Every structure is written in structure tokens, then in C-alpha cells.
Protein chains: 2
Amino acid sequence: MNKSIFYHAGCPVCITAEHDIVNLIGSDNIEIIHLGNDPSKIKSAELAGVQSVPALLTPNGNVLHINFGASIADVKG
Amino acid sequence: MNKSIFYHAGCPVCITAEHDIVNLIGSDNIEIIHLGNDPSKIKSAELAGVQSVPALLTPNGNVLHINFGASIADVKG
């Protein structure tokens, strides 16, 4: 199985969700991308369908938007 | 580790999210509750902090709201 990708931007709700997701799925099965620290990844996140963070891109290409932390537009700003 | 509980109400986004979550976490580690079919569970879901479905209640008591399918108020109606 390919890894899932967890996109976040460092907001408190993101960090809480990150810990929960990593605990549930296992850190070996997930790649964490901080869009605030690594804005070069924003474009690929958008193309994958990420509309807000935190979000989990699953191996089959679905995007699960978790809570509503910050819109992609806010992360860009 | 205690099981996670995945709350949903049968909406299309719920079903997609359910499949993804079960694939990621494993069906042995999760209990699925359909609030539309089992409205007696709505009260405990609300007390756990579920505000919309689909939502994942993690073993440590956090609620991850996934996408925004239907508000609890809608499920009640």
C-alpha cells in the first residue's frame, strides 16, 4: 500500500489531528507535509483535491478533509 | 488500544470516508455507527463531541470531523 499524505499548516487543530491520525494509521504509513513550512507543495496538494487543512490524502486518491482548520487560500497568504 | 468509532448517516460522502478509514485503520479497530438507522446513539455521539457526520471518535476521545456531510441537527430531523 502506498503511503497516505497528511497535509497541515501548523495550526493547533492540525497538530491534534496529526497526532491522532499517526497513532491510528502508524507513522510508517503516512507522510506529513507542513504547507506553511513547505509552500512549494501547495500546488500539488491543490491538484490532489486538498481544499483545506488538515487533510488526509489516502493511497487511493481520496481526500478526507478533517475538521476545518485553515483554507488553502489562508495558507497561501 | 480501544476501538475508534466512526459515526455516519449513510450519505454518499460518509460511505466513501468509511471505506477509506476502514482501509487505513483496519476493520478490527473501528466500530461503525449509522446514526440514521440507530438514532438512539445520537445522544452519546453528541456528548462525545460529534457535531457533524462523518466523524471519527478516536480511542483517546478526540473527534475528527471528516469533510462536512450532514449536521447532527439534520440527522435528527
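Residues numbered from 1 in each chain as written. Chains lettered and ligands numbered in written order. Predicted model: local features only at pLDDT ≥ 70, side-chain atom pairs only at ≥ 80, totals over all residues. Heavy atoms only, no water.

Enquirer: Would you mind going over the overall build of chain A in detail, with residue names and values included?
Expert: Counting its secondary structure elements, chain A contains 3 helices and 4 strands. Listing the helices and strands of chain A from first to last along the sequence gives β-α-β-α-β-β-α. Out of the 77 residues in chain A, the part that is buried amounts to 45%. Within chain A, counting contacts between residues at least 6 apart in sequence, those at least 24 apart form 58% of the total. Within the structure as shown, chain A displays about 3,800 Å² of accessible surface, and the carbon and sulfur contribution to it stands at 49%. (Helix = DSSP H or I, 4+ residues; strand = E, 2+ residues; numbered from the N terminus. Buried < 20%, exposed > 50% of the residue type's maximum accessible area, 1.4 Å probe, protein only. Contact = heavy atoms within 4.5 Å. Areas by Shrake-Rupley, 256 points an atom, 1.4 Å probe, with all protein chains shown as cover.)

Enquirer: Tell me what's going on with the relation of the copies chain A and chain B, and back it up with residues and numbers.
Expert: Between chain A and chain B, which share one sequence, the superposing operator has a rotation angle of 180° and an axial displacement of 0.0 Å; the RMSD is 0.0 Å. Expressed as a symmetry operation, the mapping of one chain copy onto the other fits a two-fold axis. Considering only C-alpha atoms, the residue of chain A closest to the rotation axis is A:Ile66, which sits at 2.2 Å. A high fraction, 100%, of the interface residues of chain A reappear at the interface in chain B, so the copies pair face to face through one surface. (Least-squares fit on C-alpha atoms with pLDDT ≥ 70 in both.)

Enquirer: So, the interface of chain A and chain B: which residues are in play, and what are the values?
Expert: Each side of the interface is counted separately: chain A has 18 residues, and chain B has 18 residues. For the pair chain A and chain B, the summed buried area comes to about 1,400 Å², and 60% of that belongs to carbon and sulfur atoms. Of all residues in chain A, A:Asp20, A:Leu24 and A:Leu64 give up the largest surface area on contact with chain B, accounting jointly for 42% of the area buried on that side. In this assembly, chain A and chain B are joined by 4 residue pairs in polar contact (both at pLDDT 80 or more). Secondary-structure elements contributing two or more residues to the side of chain A that touches chain B are helix H1 (12-25) and strand S4 (63-71) of chain A. At 6 residues, H1(A) tops the list of elements feeding residues into the side of chain A that touches chain B. Class assignment of the residues belonging to the side of chain A that touches chain B gives a composition of 10 nonpolar, 7 polar and 1 charged. (Buried area = accessible area lost by both parts, 1.4 Å probe. Polar contact = N/O pair within 3.5 Å; in protein donor to acceptor, adjacent residues only side chain to side chain. Nonpolar A, V, L, I, M, F, W, Y, C, P; charged D, E, K, R; others polar.)

Enquirer: An account of empty space enclosed by the protein is requested, with residue identities and associated values reported.
Expert: This model, assessed by the stated rule, comprises 1 cavity of 30 Å³ or more. If you add up the space inside the largest cavity, you get close to 30 Å³. Around the largest cavity sit A:Ile21, A:Leu56, A:Leu64, A:Ile66, B:Ile21, B:Leu64 and B:Ile66, which together line it. Elements with a contribution of two residues or more to the lining of the largest cavity: S4 of chain A together with strand S4 (63-71) of chain B. (1 Å grid on protein atoms, 1.4 Å probe; cavity = no way out; pocket = protein on both sides within 12 Å on 5 of 7 lines; lining within 4 Å. Points joined across faces, edges and corners; volume = space filled by probe spheres on them.)

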